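A look at the structure
One letter stands for each residue in the lines below.
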Amino acid sequence: MPTYKAPLDDIRFLLDDVLDVGQLATLPGYGDATPDVLGAVIEEAAKLCEEVLQPLNQSGDAEGCHYENGTVRTPRGFRDGYDAYRAGGWPAMVASPDYGGQGLPHIAGVVLDELLCSSNLSFSMYPLLAHGAVGALQRWGDKELNRRFLPRLVDGSWTGTMCLTEPHAGTDLGMIRTRAIPAGDGAYLVTGTKIFISAGEHDLTDNIIHLVLARLPDAPAGTKGISLFLVPKRLPTDDGVAGTPNGVTCGSIEHKMGIKANATCVMNFENARGWLVGEAHKGMRAMFTMMNGARLGVGMQGLGLAEVSYQNAVAYAKERLQGRAAHGPPVPNGDADPIIVHPDVRRMLMTMKAYNEGMRALAYWVGILIDVEERHVDQARREEATDLVALMTPVIKAFCTDVGFEVTNLALQCFGGHGYIREYGMEQFVRDARIAQIYEGTNGVQAMDLLGRKVPDGNGRMVRRFVAIVEGDLAAAAERPALRAMADQMRESLRSLVDVTGTVMARAAKDPDEIGAAAADYLRMFGLVATGWMWVRMAMVADAGTSTNPVAATKLATAQFYIAKVLPGMHALVRQIESGAIPVMALEAAAF
Ligand SMILES: Cc1cc2nc3c(=O)[nH]c(=O)nc-3n(C[C@H](O)[C@H](O)[C@H](O)COP(=O)(O)OP(=O)(O)OC[C@H]3O[C@@H](n4cnc5c(N)ncnc54)[C@H](O)[C@@H]3O)c2cc1C
C-alpha cells in the first residue's frame, strides 16, 4: 500500500528561503500571515492529508462511486473525510472574511492543493470546485446573491461545480445550447444537458451550487453570447437552509480510467431556477476567473501525484534487492544490493526529484504572485504580477500535468512488474494523473493559449517581463564561481527561447498554422527553461549557505542534475519548432 508524507522541509525551504513568503505579511490585510503562521497551518493540513485522506485513496479507487436513481454515493469513508476537512476550517482558509473566510494568502491554498492532491486526488476535487466557485462569485456575483450563497460555500456546508461541457461542445464552448429564459422575478429558468461534470452529484453535502454556462434568448452566436448562472440543486430558504429541490438531476455517472472516487456526472437542468452572475453575454469572462484558478489547481494535481509516486519509488528502490552495484556491492554479504545502487534507477529517481522540486518552486512562485496581484500597494507591481500570472497559468497547467504523468510512469517503472499490478498502488497514480492533461482545457489548448494569445499580447510584453526577471537572477548567479557554468547554460537556453519566440511570431504572420504546429513544443520548452531558472534560484540559496533547512544540502546536486540532464531536452524542441508547420500539415486530411 502506498504511503505519503507531506514534504514539509521542501515546502518551507521554498517559502522561507527561496521565495520570501514573508513579503506577504507586509501587504494590506495579510498582517497576520507571517511565515510561522503559514508554516503552522501547513503542518496541520499535512496531518489531515496523511492521516485521514491518504488512507481512503486506494479503497476509494477500488470501490468507486455508486449511482442509483439520480443519487450518487461516494466511497466508504469519504463522508467522514469531508466532515474532518470541514471541521478543520479548510474550505474557508483563503476565502474573504466578508463571507466567513479566514482571509489567508492564496499561496496557502496552493500548498493545501498540493497536499490534498498527493493524498487523495479524487477527494480533492469535491472541495476544489467549490473553492473555484467562491473565487468567481467573490469577483462577479452581486451582493444579494453572494449573501445567500457564499457563506455556505465558504464554510463547506455546500460544494460547487463548473458546468461548461455539453455533448457536442467541449473545447469549442461557443457551441453550447443550454438556454436560460427570464422567470419574470429576477431569476432565470435554465434548461439543457451538461456532461462530464465533476462532483455534479454526491452525498457529502445537502446542497450543490452549479455555475452553469447558458444562452439568453437574445444572445449573439458564439462565445460572445454566453452568460453565467448560479443554479442550486436545492433552493435555499430565507434562513439559508437547503430547501425544495430545483429542476436539477443527475442522469448518470461515467465509468472511467482514473479518479474513480470522484463522481463525473451527466447533469440535466429542466427549468431550473438560477441567477445571473456578472453581466448578460459576458459569462466567459466571469467563468475565466473560475477556470484560471482551476487551471492552477489542476497543475497542482500533476505535482501532487508526481510527489507521492516519487516518494513510494524511493522507498521501494531502497528496499528491493536485485543485482549487484557495478562499482562494487555495498552489501557484500547479501545476495543482492538494493536497486537504488543502479545508475538507471538513479536516473529515474533524480529525474523525478528534479522535476518535482522545480515544478513546486515554479507553482509556488506563481501562487505568491497571485497575492501580489491582488494586494500590493504599488500599481506597477500589481500589473507586473497580473502579466506574469497570465503568462504562467497555461504553463503551470500543461507542463506540470504532462510532467506529472511522466513522473508517475517513471515511479511505476522503478517497481518493475510490481508497479503494474494493483496491490502496490502505483498504477492508480498513473491512471489518476492522465485526466489532468485533458480537462480544464486540454494541454494542446493551453499551449495555444500561451503561444497564440499570451506571448503576442502587448507586442510580447508578458514574455519581456519574464525574461527581464530571469536575466537579473542569472547575472547574480554568474557572480558565484560554483554556479557560473549553470548560469551560462541557462543564459544560452533563455536566449534560445527568446530567439525561437521571434521566429515563430514572424512565421505566424504569414501562415496561421505555424502557431498550432509549434505550440506544444513551445510550451514544453518554456516550462523547461522556467523550471531551470527556479533551480538556479534554489542553487543560489544553497550556495550562499544561509539556509538552516536540512534539504538545502541536496539542492546544489539536484540543480546540477537538472541543468545537465533535463534542460538539454530543449535543444531538440528548438529544432522541432524551427522546422515549422509544413511537416505537420503536409498530408491532406483524406490521406490519413
Ligand atoms: C473526468 C472528467 C472530468 C471533467 N470535469 C469537467 C467539469 O467539471 N466541468 C466541465 O464543464 N467539463 C469537465 N470535463 C470536460 C473536459 O473539460 C473536456 O473533456 C475537455 O475540455 C475537452 O473537451 P472534449 O472532451 O469535448 O474534447 P474536444 O474538444 O472534442 O477535443 C478533442 C481533441 O481535439 C483537440 N482540439 C479541439 N479543438 C481544438 C482547437 N481549436 N485547436 C487545437 N486542438 C483542438 C483537443 O485538444 C483534443 O485533443 C471533464 C472531463 C472528464 C473526462
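One can find the structure itself at the top, above this paragraph.
Let me begin by describing the structure that accompanies this report. Sequence positions are assigned chain by chain, starting from 1 and proceeding in written order. Reporting in this predicted model follows two pLDDT cut-offs: at least 70 for local features of residues, and 80 or more for side-chain atom pairs to be given and counted; totals over whole chains, interfaces and linings ignore these cut-offs and use all residues. Processing note: side-chain calculations cover all non-hydrogen atoms of the structure and skip hydrogens and water entirely.

Description of unusual backbone geometry
Heads up, the rule is: A helix here means a DSSP run of H or I that spans at least four residues, while a strand means a run of E at least two residues long, and both kinds are numbered starting from the N terminus.
Here the phi dihedral of D20 falls at roughly 50°; this positive angle occurs in a residue that is not glycine. Even without being a glycine, F196 presents a positive backbone phi close to 60°. Considering the arrangement of structural elements, one finds F196 in strand 5 (residues 188-198).

Details of the packing of helix 8 (residues 283-319) against helix 10 (residues 379-414)
Note the cut-off: Only the stretch in contact is used when fitting a helix axis, every axis being a line fitted to C-alpha atoms; angles between N-to-C directions are given from 0 to 180 degrees. Roughly parallel here means an angle under 35 degrees, roughly antiparallel means over 145, roughly perpendicular means 65 to 115, and every remaining angle is called oblique. By definition, turning the near helix anticlockwise from the far helix through less than a right angle yields a left-handed crossing, and turning it clockwise yields a right-handed one. All residues other than Ala, Val, Leu, Ile, Met, Phe, Trp, Tyr, Cys, Pro, Asp, Glu, Lys and Arg, Gly among them, are scored as polar; the first ten of these are nonpolar and the last four charged.
Two numbers describe how helix 8 lies on helix 10: the axes approach to 8 Å, and their chain directions differ by 20°. Classified by the angle their axes make, helix 8 and helix 10 are roughly parallel. In terms of crossing hand, the pair formed by helix 8 and helix 10 is left-handed. Classifying every residue of the contact of helix 8 with helix 10 by side-chain character gives 13 nonpolar, 8 polar and 2 charged.

Points about the side chain of D371
Counted only if it meets this: Throughout, exposure labels follow a simple rule: accessible area from a 1.4 Å probe, protein chains only, divided by the maximum for the residue type, with under 20% read as buried, over 50% as exposed, and the rest as partly exposed. We score Asp and Glu as negative and Lys and Arg as positive, and we do not count His or the chain ends. For salt bridges, the criterion is a side-chain nitrogen of Lys or Arg within 4 Å of an Asp or Glu carboxyl oxygen. Whether two residues are in contact is decided by their heavy atoms: any pair within 4.5 Å suffices.
Mapping D371 onto the fold places it in helix 9 (residues 343-375). At 6.0 Å, R375 is the nearest oppositely charged side chain to D371, a buried residue that forms no salt bridge. Apart from the residues lying within four places of it in its own chain, the contact partners of D371 are L24, L27, Y30, P105, H106, I107 and H376.

Details of the site of the ligand
Short version of the rule: Near residues are defined by distance, with any heavy atom within 4 Å of the molecule or strand qualifying the residue. Each polar contact in these results corresponds to two N or O atoms within 3.5 Å; when the atoms are within protein, one needs to be able to donate a hydrogen and the other to accept it, and residues that are neighboring in sequence are counted only if both atoms are side-chain atoms.
Around the ligand sit 15 residues, and of these T165, T171, F196, S198 and T442 come closest. Here an oxygen atom of the ligand and a backbone polar atom of L164 are 2.9 Å apart. T165 is positioned such that a nitrogen or oxygen atom in its side chain is 2.7 Å from a nitrogen atom of the ligand. With 3 residues, strand 5 is the single largest residue contributor to the shell around the ligand.

Side note on the nonpolar core
What counts, and what does not: In these notes, a set of buried Ala, Val, Leu, Ile, Met, Phe, Trp, Tyr and Cys residues joined through side-chain atoms within 4.5 Å is what counts as a nonpolar core.
Counting residues in each nonpolar core, the largest one holds 209 residues, and the members touching the most others are L211, M352, Y364, W365, M392 and F466. Aside from chain neighbours lying at most four places away, what touches Y364 is I11, L14, L15, L19, I107, V110, V111, E114 and M300.

Thoughts on the state of the cysteines
What counts, and what does not: Cysteine sulfurs are considered disulfide-paired once they come within 2.5 Å of each other.
What the rule picks out here adds up to 0 disulfides. Lacking any disulfide linkage, C265 is separated from the closest cysteine sulfur, that of C250, by 4.0 Å. Take C265: its relative accessible area is 0%, and that puts it in the buried class. Here C400 stays free of any disulfide, with the sulfur of C117 as its closest cysteine sulfur at 11 Å. C400 sits in the buried class, given a relative accessible area of 1%.

Section: the pattern of salt bridges
A complete count under the given rule lists 32 salt bridges for this structure. Note that E406 and R524 form a salt bridge whose closest N and O atoms lie 2.9 Å from each other. In this pair, E406 is assigned in helix 10 and R524 in helix 16 (residues 513-544), connecting sequence segments 118 residues apart. Under the relative-accessibility criterion, E406 is labelled partly exposed at 31%. Each member of the salt-bridge network shares a partner with another, and the members are D10, K353, E357 and K555.

Some points on the packing of helix 5 (residues 106-119) against helix 9
Contact pair helix 5 / helix 9: the axes reach a minimum separation of 8 Å and the direction vectors enclose 150°. As judged from the angle between their axes, helix 5 and helix 9 are roughly antiparallel. In the crossing of helix 5 with helix 9, the sense of the turn from one axis to the other is right-handed. Here helix 5 contributes H106, I107, V110, V111 and E114 to the contact with helix 9, which in turn contributes R360, A363, Y364, G367, I368, I370, D371 and E374. Here the contact of helix 5 with helix 9 is composed, by residue class, of 7 nonpolar, 2 polar and 4 charged.

Details of the environment of L483
Among the secondary structure elements, L483 is positioned in the loop between helix 14 (461-478) and helix 15 (484-508). Judged by its relative accessible area of 0%, L483 falls in the buried class. Sequence-wise, L483 and G527 are 44 residues apart; in three dimensions their C-alpha atoms are separated by 21 Å.

Thoughts on the pairing of strand 9 (residues 242-245)
This is how it is decided: Strand pairing is assigned whenever DSSP identifies at least 2 bridges connecting the two strands.
With 2 bridges joining them, strand 8 (residues 234-236) and strand 9 adopt antiparallel strand pairing. Within the sheet, the bridge partner assigned to R234 lies in strand 9 and is P245. What sits between the antiparallel neighbours strand 8 and strand 9 is a turn of 5 residues, in which G240 has the positive phi angle 80°.

Let's talk about helix 4 (residues 78-87)
Selection criterion: Note: the arc covers the axis-to-C-beta directions of the helix.
Turning to helix 4, its buried residues number three or more, namely F78, G81, Y82 and Y85. End-on view of helix 4: buried residues confined to an arc of 95°, all on one side of the axis. Opposite the packed face of helix 4, turned more than 90 degrees from it, sit the exposed residues D80 and A87. The first or second residue beyond helix 4 is G89, which carries a positive phi of 75°.

Quick word on helix 6 (residues 121-140)
Selection criterion: Every helix has an expected span of 1.5 Å times one less than the residues it contains. The angle between axes fitted to the seven residues ending at a residue and the seven residues starting there is what we call the bend at that residue.
With 20 residues, helix 6 ought to run about 28 Å at 1.5 Å a step, and its terminal C-alpha atoms sit 28 Å apart, in line with that. At P127, helix 6 is deflected by roughly 25°, the largest bend along its length. Burial analysis of helix 6 places 16 of its 20 residues in the buried class, the great majority of the element.

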